[in-house]
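# Survey of secondary and tertiary structure
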Amino acid sequence: MRFLRRRRGISTVLGALYFIVIALMAFSLVMWEVGQYDAYQQLVNRMNQFDIDRMTENLVFRYPGVEVLASTPPYKFDIIVCNMGGIDINTTRIYIYDQTAGSMIILDKNSPTDFYSNGFVKAGASGHEIHAQSSYNVDERTGHIYWIKIVTERGRTFSTPYPLPRTIQGPGGAGSFIDVGPIRILFEYRAINYTSLTQQTPASGWSVPKNTPLFFYIILINVGTEEVYLKKESILTFMSYTRTGTGSKTTFFVLDSLATYPDNSKFNLGFTYDEVNKPYVLKPNLSDPYTGGPPVIVKFGAGNLSPDDHSVKFDNTVDQYLCFIGLAYRYKGYIFGQTIPFVAIRVT
Amino acid sequence: MRERFVVEEVWFTDAGAKINIYVRNVGDIDIAIADIYINRTRVEAAKVSPILPLSLNTGRVVQITVTLSSKWSLGSVSEIVVATSRGSTVRGYWTAPA
């Protein structure tokens, strides 16, 4: 009886131990599940926060978009941005697509040839300059239209056409303009540029050389609601302040968009404006017509409507000239023509 | 859950014969790009360079070149889908130069 009582005592102890072990195992299982769920929840929260941060990013390009620092290789320029998103942004790559030439360059932080620095943009930064250097010329004075796309570390992309659409009042009084019909003509320092055989990169056209073949570049913007197609009769004409007769009036007809500078050894039909197959097309900004579509640089330098004269020049007299723009274009299926008083320039 | 990747840029090139797709892994873990779909058609493996599946470490970007069986036309819009081996997809619509 004593022995039996002992055995019963042992089994009671073992039963208690088994119960404790089972209880501990159950507790451990619950704790493990709680731990797993907690880890999962932390991951969900972290990724949600990542997505929120990503959506919070907001990079805005600021006028003029690009400041050119060096116009010869290696080309240097600053891309001007503002961080409006309330969160720091680290950029990882910049794509620049030259729409006119159909080519693309990629700027990486560590690339030996095409690279950029100062790509970390603090929250609230305004006018932040991303310093870029490239083997490719990114300059609106070339007459090309570019698309600049900045990629951030979180995977957002922010892009803009360059030249930027001009705002109504740009910084430094840069926003003056003339609106006639669907066309806006800018009046600012860069409103008129020229090239010549010795000035192959567009330079400010407020003062130009006499007795030298010239190409003029001006900027047009569509503030209408449909595309504007420029016709070959479009001209830039200059009239002397003081003189009449021969040499007092000089007219430059519109050129092909790929024309660069007047060079007698390179004159060919490639400069001739083809209004049917390759016209200047001014695109509207349908979401905000008043701001206008992307600026288009239109070039003038042909002597007439025929393709044989691309060497227009002022005569050999120092003088002051009034400049008028004569535009012929198709808009909403109709042909329009208009004359706009533009600038006054010095020929020296 | 931890996969995040983006198509940064698509460049229509080579006179209509090719499309370059730039994919970046911005997620927490490495991914493997398994397939490319253009206009809802899976691109054959032989027409993709580099060969898929393609491992892409976190933070890295890769250029994937797709050789098209029929050339893209000016101004045309293409739907491009990039899929990973875990089943995540990124979809976008891209316009060829006009």
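Residues numbered from 1 in each chain as written. Chains lettered and ligands numbered in written order. Predicted model: local features only at pLDDT ≥ 70, side-chain atom pairs only at ≥ 80, totals over all residues.

### Brief notes about the overall build of chain A
Cut-off, in case you're wondering: Helix and strand assignments follow DSSP, with helices taken as H or I runs no shorter than four residues and strands as E runs no shorter than two, numbered in order from the N terminus. Residue burial here comes from a neighbour count, namely the number of other C-beta atoms, placed from the backbone, that lie within 10 Å of the residue's own C-beta, with 20 or more meaning buried, 12 or fewer meaning exposed, and in between meaning partly exposed. Here, residues touch in the contact sense if the C-beta positions derived from the backbone fall within 7 Å of one another.
Within chain A, the secondary structure is distributed over 1 helix and 22 strands. The buried share of chain A, taken over its 348 residues, is 30%. Across chain A, the fraction of contacts at a sequence separation of at least 24, relative to all contacts at a separation of at least 6, is 66%.

### A word on the overall build of chain B
Each helix and strand in chain B was counted, giving 0 helices and 9 strands. For chain B, the succession of helices and strands along the chain, N to C, is β-β-β-β-β-β-β-β-β. Looking at the 98 residues of chain B, the share that counts as buried comes to 24%. At a minimum sequence separation of 6, the contacts of chain B that also span at least 24 residues come to 56%.

### Some points on the nonpolar core
Residue and element names in this part refer to chain A. Basically, it comes down to this: In this usage, the nonpolar core is the set of buried Ala, Val, Leu, Ile, Met, Phe, Trp, Tyr and Cys residues whose C-beta atoms join them within 7 Å.
One finds Phe216, Ile218 and Leu220 to be the most contacted residues of the largest nonpolar core, which totals 44 residues. With 7 residues, the single largest contributor to this core is strand E15 (residues 215–222). Apart from residues lying up to four places away in sequence, Phe216 is in contact with Ile192, Tyr194, Gly205, Leu236, Phe252, Lys299, Phe300 and Gly301. Among the nonpolar cores identified, the runner-up in size contains 22 residues, and Val66, Val81, Ile150 and Tyr162 belong to it.

### Section: the confidence of the model for chain B
Under the convention used in this document: The score called pLDDT rates the predictor's confidence residue by residue, from a low of 0 to a high of 100.
Mean pLDDT over chain B stands at 89; residues scoring 70 or higher make up 100%. Here the predicted complex scores 0.64 on pTM and 0.91 on ipTM.

### Section: the interface of chain B and chain A
Here is the rule we go by: Ten residues, namely Ala, Val, Leu, Ile, Met, Phe, Trp, Tyr, Cys and Pro, are considered nonpolar, four, namely Asp, Glu, Lys and Arg, are considered charged, and the remaining ones, Gly among them, are considered polar.
Counting residues at the interface gives 11 residues for chain B and 14 residues for chain A. Within the side of chain B that touches chain A, the residues separate by chemical class into 6 nonpolar, no polar and 5 charged.

### Some thoughts on unusual backbone geometry
Note the cis peptide between Pro73(A) and Pro74(A), where omega equals -5°. Along the chain, Pro74(A) turns up in the loop between strand E1 (59–70) and strand E2 (75–83). Cis geometry is adopted by the peptide bond preceding Pro50(B), which originates at Ser49(B) and carries an omega value of -5°. Inspection of the secondary structure assignment puts Pro50(B) in the loop between strand E5 (48–49) and strand E6 (54–56).

### Observations concerning the sheet that holds E5(B)
Residues and elements named next belong to chain B. Note the cut-off: The rule for pairing is simple: two strands pair if DSSP sees at least two bridges between them.
The strand order across the open sheet built from 4 strands is E1-E2-E7-E5, with neighbouring strands paired in antiparallel fashion. Edge positions in the sheet fall to strand E1 (5–13) and E5, since each has one partner strand and no second. Relative to strand E7 (residues 61–67), E5 runs antiparallel, the two being bridged by 2 bridges. Bridge assignment links Val48 to a residue of E7, and that residue is Val66.

### Some thoughts on the pairing of E15(A)
Regular strands place their side chains on alternate faces of the sheet. Residues and elements named next belong to chain A. Burial analysis of E15 places 8 of its 8 residues in the buried class, which makes it a mostly covered element. Every second residue of E15 is oriented toward a common face, with Phe215, Tyr217, Ile219 and Ile221 on one face and Phe216, Ile218, Leu220 and Asn222 on the other, all of them buried. Pairing of strand E11 (residues 183–186) with E15 involves 3 bridges; the strand directions are antiparallel. Opposite Ile183, over in E15, you have Asn222 as the bridge partner. By the bridge criterion, 4 bridges tie strand E12 (residues 192–195) to E15 in an arrangement that is antiparallel. Paired with Ile192 across the strands is Ile218, a residue of E15. Here E15 pairs with strand E20 (residues 296–302) via 5 bridges, running antiparallel. Following the sheet pairing, Leu220 is matched in E20 by Val296.

### Thoughts on the environment of Gly92(B)
Residues and elements named next belong to chain B. With respect to the helices and strands, the residue Gly92 is situated in strand E9 (residues 89–95). As a C-alpha pair, Gly92 and Val10 span 82 residues in sequence and 9.6 Å in three-dimensional space. Those residues in contact with Gly92 that lie beyond four places of it in its chain are Val7 and Ile80.

### Things to note about the environment of Gly102(A)
Residue and element names in this part refer to chain A. Topologically, Gly102 is positioned in the loop between strand E3 (89–98) and strand E4 (103–108). Looking at Gly102, the number of C-beta atoms within 10 Å reads 12, which means it is exposed. Distance from Gly102 to Ile145, taken between C-alpha atoms, is 9.9 Å for residues 43 residues apart in sequence.

### Examining the pairing of E9(B)
Residue and element names in this part refer to chain B. Bridge count between strand E8 (residues 77–84) and E9: 7 bridges; the pairing is antiparallel. Counted as the bridge partner of Val82 is Val90 from E9. In textbook terms, the turn of a hairpin is the stretch between consecutive antiparallel strands, and for E8 and E9 this stretch comprises 4 residues, one of which, Gly87, has a positive phi near 100°.

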